[in-house]
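# Structural overview for review
Here is how the chains run, residue by residue.
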Amino acid sequence: MIEDIPLVDAHVHLPRLGELKPFWWEWYRRHGGAPLEELYDPEGRPRPEAVDAYFASEGVDWVLLLPEYSPRTVGIHPYEDLLPVVGYNPRRFRFLANLNPHLHYPLAPHLERQLEAGAVGLKLHPVHGGFAVDHPELFPAYWILQERGLPVVFHTGVSAFPGSVNAYASPEPIEALARAFPDLKIVLAHGGRGWWYGTAASLALVYPNVWIELSGLAPARLPEYYRGYDLRKLARKFIFGTDWPGVPGIRRSAQALLEPGWDRETLERVLGRNALEVYGIGV
């Protein structure tokens with residue numbers, strides 16, 4: 001908890017270290033601060049008890065872990081690798097499914113398999129995976145999620161990782177999905193980082209089924225990112241996330257959100273309540 005407010009980190013990566021490419025390590029050294037040597041065993045696998053203790057020490061009540069299937073960029077980080085941590089403390093840890101239409105065909109059975117394993121939603125990374133969010137083969141997945149009341153999380157915004165396709169970074173095509181699937185809960189990870197902050201903000205304000213997730217965004221710069229928008233109103237659609245381990249500290253980032261002077265209800269929504277409602281966890 002932060003100031004007695006339940007805290008959810010909705011955007012955490014926990015891959016096996018041996019699967020990572022050199023530029024991932026450069027990213028971690030530039031932005032991260034977590035003691036990975038204490039959280040992983042000598043074979044580069046997460047140590048569930050150490051990972052649980054670490055997130056507890058950072059004040060995180062719930063953690064959403066993200067697998068990824070992006071061979072052209074960060075590689076393949078299968079959801080099965082996350083299950084030991086989730087199984088160690090299912091009260092704290094959940095995970096999202098991940099799909100790539102270039103790898104998973106047809107998509108529906110692959111999504112079903114991950115949902116059966118416990119996934120509480122779906123994360124799509126069009127920029128790292130090299131596909132459009134309105135790819136026709138993704139529509140059955142959107143339908144399944146809408147029917148089950150589960151969210152889809154889209155990476156929105158630029159990525160500097162080699163192999164990224166930033167032509168797929170814009171949240172603009174998501175507007176059509178929000179209309180076509182009005183009951184589908186949509187989360188814009190990174191909030192349109194780079195060139196599309198305004199697009200992400202407009203979508204979140206116009207559509208009741210769209211939220212902005214703050215991973216990778218400096219809390220102190222939110223007024224700059226979303227200048228021209230009513231930040232107090234927009235904040236009620238924010239979901240806290242860090243993009244860990246590429247963050248100096250989870251507690252530090254969460255506490256920085258106390259500085260804008262938002263009212264207690266808005267802070268509760270940003271730090272935890274929105275995520276709990278969107279992902280259906282903590283109940």
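How each quantity is defined
Residues numbered from 1 in each chain as written. Predicted model: local features only at pLDDT ≥ 70, side-chain atom pairs only at ≥ 80, totals over all residues. Heavy atoms only, no water. Helix = DSSP H or I, 4+ residues; strand = E, 2+ residues; numbered from the N terminus. Rg over C-alpha atoms; globule rule 2.2 N^0.38 Å. Buried < 20%, exposed > 50% of the residue type's maximum accessible area, 1.4 Å probe, protein only. Contact = heavy atoms within 4.5 Å. Pairing = 2+ DSSP bridges. Axes fitted to C-alpha atoms, helices over the stretch in contact; angles between N-to-C directions. Left-handed = near helix turned anticlockwise from the far one by under 90°. Nonpolar A, V, L, I, M, F, W, Y, C, P; charged D, E, K, R; others polar. Salt bridge = Lys/Arg side-chain N within 4 Å of Asp/Glu carboxyl O. Polar contact = N/O pair within 3.5 Å; in protein donor to acceptor, adjacent residues only side chain to side chain.

Looking at an unreviewed UniProt entry, the protein carries the name Amidohydrolase, with the source organism given as Thermus scotoductus.

## Some words on the overall build of the protein
Of regular secondary structure, the protein possesses 13 helices and 11 strands. For a compact globule of 283 residues, the expected C-alpha radius of gyration is about 19 Å, and the protein comes in at 17 Å, within 12% of that figure. With respect to the three principal axes, the spread of C-alpha positions in the protein is 50 × 45 × 35 Å. Taken over 283 residues, the protein has a buried fraction of 60%. Look at the contacts in the protein between residues 6 or more apart in sequence, and 75% of them connect residues 24 or more apart.

## Describing the sheet that holds strand 11 (residues 238–239)
For sheets, the rule is that strands pair by backbone hydrogen bonds, running either parallel or antiparallel. An order of 6-7-8-9-10-11 is seen for the six strands of this open sheet, with the pairing classed as parallel. The open sheet terminates on both sides in strands that have one partner only, identified here as strand 6 (97–98) and strand 11. Across the sheet, helix 9 (residues 197–206) touches strand 9 (186–193) and strand 10 (210–213), and the angle it forms with strand 9 is around 155°.

## Some details on the packing of helix 5 (residues 107–116) against helix 7 (residues 139–148)
Any two packed helices are characterised by the angle at which their axes cross and by the distance between the axes. In the contact formed by helix 5 and helix 7, the axes pass within 9 Å of each other and the chain directions differ by 35°. Crossing handedness for the pair helix 5 and helix 7: right-handed. Here Ala108, Leu111, Glu112 and Leu115 of helix 5 lie close against helix 7, whose contacting residues are Ala141, Ile144, Leu145 and Arg148. Residues that form the contact of helix 5 with helix 7 fall into these classes: six nonpolar, no polar and two charged.

## A short note on the sheet that holds strand 2 (residues 62–65)
Ordered by their spatial adjacency, three strands build an open sheet running 1-2-5, and the pairing between neighbours is parallel. Since the sheet does not close on itself, it has two edges, and those belong to strand 1 (8–12) and strand 5 (93–95), each with one partner. Between one strand and the next, the sheet's axes are offset by a mean angle of 20°, whatever the strand orientation. For strand 1 and strand 2, the ladder comprises three bridges, and the chain directions are parallel.

## Some details on the pattern of salt bridges
Taken as a whole and judged by the stated rule, the model has 14 salt bridges. Residue Glu268 pairs with Arg273 through a salt bridge whose shortest N-O separation is 2.6 Å. Notably, a salt bridge pairs Glu277 with Arg269, separated by 3.8 Å at the nearest N-O pair. Residue classification places Glu277 among the partly exposed positions, given a relative accessible area of 46%. You can call Arg269 buried: its relative accessible area is 18%. The network of salt bridges with common partners includes Arg236, Arg264, Glu265, Glu268, Arg269, Arg273 and Glu277.

## Some remarks on the side chain of Arg92
Summarising the element assignment, Arg92 is placed in the loop between helix 4 (83–88) and strand 5. At 2.7 Å, the side chain of Arg92 forms a polar contact with the backbone oxygen of Val60. For Arg92, the contacting residues outside a window of four places in its chain are Asp52, Phe55, Ala56, Val60, Asp61, Trp62 and Val63.

## Digging into unusual backbone geometry
The peptide bond linking Tyr105 to Pro106 adopts the cis configuration, its omega dihedral lying at -15°. Residue placement: Pro106 occurs in the loop between strand 6 and helix 5. In this model, Trp244 is joined to Pro245 through a cis peptide bond whose omega is 10°. In this fold, Pro245 is placed in the loop between strand 11 and helix 12 (250–256). Phi at Glu3 takes a positive value of approximately 55°, unusual for a residue other than glycine. Considering the arrangement of structural elements, one finds Glu3 in the segment before strand 1.

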